[in-house]
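# Structural description and commentary
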Amino acid sequence: MQIIEIKTTEGKQSEILIGEDFRNIRNYLPVQNVIVIIDENIFDLYPLFAENFKCIKIHADEKNKTLETVEHIILQLTELQADRSTFIAGVGGGITCDIAGFAASIYMRGLRFGFVSTSLLSQADASVGGKNGVNFYGLKNMIGTFNQPEFVICDINMLDTLPQKEFRGGLSEIIKIALIKDAEMFDFIEDNTATILNRDKTILQKLITKSIQHKADIVGCDEFEKGKRRILNFGHTLAHAIEPNDDISHGFAVSIGMMFAAKVSEHFGFIANNIVERIERLLAQFDLPRCTNIDEKLLFNTIVADKKKNNDAINLVLLNGTGKTVEKNIKINDIEKLISIFCNTTKNSF
Ligand SMILES: NC(=O)c1ccc[n+]([C@@H]2O[C@H](COP(=O)([O-])OP(=O)(O)OC[C@H]3O[C@@H](n4cnc5c(N)ncnc54)[C@H](O)[C@@H]3O)[C@@H](O)[C@H]2O)c1
Ligand SMILES: [Zn+2]
């Protein structure tokens, strides 16, 4: 097992336990008064949770990542007589961890909480870093908190039951981390696509560890996203506009969003076309989408409504090589044009 610590501004500590066995969860919990908020699929697949804990089940769907679901959880917490000494364990992928962390953060002004992170996407990215929250009327993660889980168990063996489509979606966020922080990691992924798709455990553990190390470094410098942490949003401006308008997963939307950001980076002369081609080839090898059929006006309007707008411009994280980023404030009108170019040049080309 490898342990990565995230030190928070308030001096709290968050421990990410990579390669820990989920069956050891008791080692990280108080002796009593634990409530598990769990993805219903994990509840069925891993009976240990039902056998040992009071459980609140949720249906992990992006459309369910809402205040209504949080209300439903809070109602059950009151019925289970949760009080300020209750510890919440969120068990599931990114959707479950985002919701459970948020519910724990607001119930009675905040309970202690930790996660068992079960999807590749949540192990490599979502469950780490302390962002919790829900969507609001189609706007992604509009409501939420910064609050670190006390522990995150990333049991690689739990990925055995993860459907292949979800597995591929997780690779998208791993590629994101490589692109923004680690050129060598990007080369390594390019050289090992077949082994990765075969879910070689040693390689998976290596990629998850690297992703978490990079994220922990970024979050350690900028817990509340005042600056540096923004680079983690690479590919997410368009992704967050696609998600409410399409029935695709977060990982798939990020793949399209990264393709857009790469092309915009080339458009502004930050990277050469051969890097865009390498990214496109890698995403294609993992069968990840690189274009969208969503109406360009709808995409643009959703971006404008999104929270990351800054007066009449949007801050886009772009690439300045593999493993390097540059931020650029782009006028809203230019964003509209860039989306139009992207949609029209990529629509039938993949
Ligand atoms: N908080 C953050 O910093 C952050 C970062 C990135 C993404 N996110 C959020 O994460 C969410 C996406 O997370 P996700 O891709 O894990 O989605 P998810 O939680 O929906 O999980 C994907 C699917 O896989 C199933 N699943 C998960 N683990 C499994 C396992 N071990 N075995 C069998 N089935 C399993 C789930 O039941 C679900 O159907 C999005 O809402 C996104 O916004 C948050
Ligand atoms: Zn993401």
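Because the structure is a prediction, the values reported are computed rather than measured.

### Describing the overall build of the protein chain
When helices and strands are tallied, the protein chain shows 14 helices and 12 strands. Computed over its C-alpha atoms, the radius of gyration of the protein chain comes to 20 Å, within 12% of the 20 Å expected for a compact globule of 350 residues. In terms of overall dimensions, the protein chain has C-alpha extents of about 60 × 40 × 35 Å along its principal axes. Across the 350 residues that make up the protein chain, the buried fraction comes to 47%. For the protein chain, contacts bridging at least 24 residues in sequence account for 70% of all contacts bridging at least 6.

### Structural notes on the site of ligand 1
By nearness alone, 31 residues border ligand 1, and Gly93, Gly94, Ile95, Thr118 and Ser119 come closest of all. Elements with a contribution of two residues or more to the shell around ligand 1: helix H1 (40-45), helix H4 (94-106), helix H5 (120-126), helix H6 (164-181) and helix H11 (250-267). When the residues that make up the shell around ligand 1 are grouped by side-chain class, the tally is 9 nonpolar, 15 polar and 7 charged. Split by domain, the shell around ligand 1 shows at least three residues from each of two domains, domain 1 (2-161) and domain 2 (164-346).

### Considering the domain arrangement of the protein chain
Partitioning the protein chain into domains gives domain 1 (2-161) and domain 2 (164-346). Taken residue by residue, the interface counts 28 residues in domain 1 and 31 residues in domain 2. Contributions of two or more residues to the side of domain 1 that touches domain 2 are made by strand E1 (2-7), strand E2 (13-18), H5 and strand E8 (139-146). Broken down by element, the residue count for the side of domain 1 that touches domain 2 peaks at 5 residues, all from H5. Looking at the side of domain 1 that touches domain 2, its residues break down into 14 nonpolar, 10 polar and 4 charged.

### Some points on the pairing of strand E11 (residues 313-319)
Of the pairings in the sheet, the one linking E11 to strand E12 (residues 325-331) comprises 7 bridges and is antiparallel in character. Across the sheet, residue Ala313 finds its bridge partner in E12, namely Lys331. From the end of E11 to the start of E12, which pair antiparallel, there are 5 residues, and Gly321 there has a positive phi angle of about 120 degrees.

### Brief notes about unusual backbone geometry
Positioned with a positive phi, Met108 is a non-glycine residue whose angle comes to about 50 degrees. Locating Met108 in the fold gives a position in the loop between H4 and strand E6 (112-117). Of note in the backbone geometry, Arg109 takes a positive phi value of approximately 65 degrees without being a glycine. Inspection of the secondary structure assignment puts Arg109 in the loop between H4 and E6.

### Section: the sheet that holds strand E4 (residues 54-58)
In space, the 7 strands of this open sheet follow the order E1-E2-E9-E6-E5-E3-E4, with mixed pairing throughout. Of all strands in the sheet, those with a lone pairing partner are E1 and E4, marking the two edges. Each neighbouring strand pair of the sheet contributes to a mean axis angle of 15 degrees, computed without reference to strand direction. Sheet topology places E2 next to strand E9 (residues 151-154); 4 bridges connect them, and they run parallel. By the bridge assignment, Glu15 is partnered in E9 with Phe151. Along the sheet face, H4 touches strand E3 (34-39), E4, strand E5 (87-92) and E6 and points at about 165 degrees away from the line of E5. Across the sheet, helix H9 (residues 201-221) lies against E1, E2 and E9, angled at about 15 degrees from E1, the strand it touches most.

### Quick look at H6
Over its 18 residues, H6 runs 26 Å from end to end, which matches the ideal 26 Å to within 8%, given 1.5 Å per residue. Where burial is concerned, most of H6 is hidden: 14 out of the 18 residues are buried.

### Notes on the packing of helix H13 (residues 296-305) against helix H14 (residues 332-346)
Interaxial distance between H13 and H14 falls to 10 Å at its minimum, and their mutual angle equals 145 degrees. Of the two possible hands of crossing, H13 and H14 adopt the one that is right-handed. Residue-level inspection shows Glu296, Leu299, Phe300, Ile303 and Val304 of H13 in contact with H14, the latter providing Ile332, Ile335, Glu336, Ile339, Ser340 and Cys343. When the residues that make up the contact of H13 with H14 are grouped by side-chain class, the tally is 8 nonpolar, 1 polar and 2 charged.

### Points about H14
Between its terminal C-alpha atoms H14 stretches 21 Å, which fits the 21 Å expected from 15 residues at 1.5 Å a residue. Taken as a whole, H14 has its buried residues at Ile335, Leu338, Ile339, Phe342 and Cys343. Summarising the axial view, the buried residues of H14 lie within an arc of 130 degrees, below the 170-degree limit, and thus occupy one face. In this structure, H14 carries Asn333, Asn344 and Thr345 as exposed residues pointing more than 90 degrees from its buried face. Taken together, the buried residues of H14 touch H11, H13, E11 and E12.

### Brief notes about the nonpolar core
One finds Ile37, Ile88, Ala103 and Ala261 to be the most contacted residues of the largest nonpolar core, which totals 100 residues. With 10 residues, H11 is the largest single contributor of residues to this core. Each residue touching Ile88, except ones within four places of it in the same chain, is listed here: Ile35, Ile37, Ala100, Ala104, Leu111 and Phe113.

Procedures and definitions
Residues numbered from 1 in each chain as written. Chains lettered and ligands numbered in written order. Predicted model: local features only at pLDDT ≥ 70, side-chain atom pairs only at ≥ 80, totals over all residues. Helix = DSSP H or I, 4+ residues; strand = E, 2+ residues; numbered from the N terminus. Rg over C-alpha atoms; globule rule 2.2 N^0.38 Å. Buried ≥ 20, exposed ≤ 12 C-beta atoms within 10 Å, placed from the backbone. Contact = placed C-beta atoms within 7 Å. Near = placed C-beta within 6 Å. Nonpolar A, V, L, I, M, F, W, Y, C, P; charged D, E, K, R; others polar. Domains from an automatic or database assignment. Pairing = 2+ DSSP bridges. Axes fitted to C-alpha atoms, helices over the stretch in contact; angles between N-to-C directions. Expected span 1.5 Å × (residues − 1). Left-handed = near helix turned anticlockwise from the far one by under 90°. Arc of directions from axis to C-beta. Core = buried A, V, L, I, M, F, W, Y, C linked by C-beta atoms within 7 Å.

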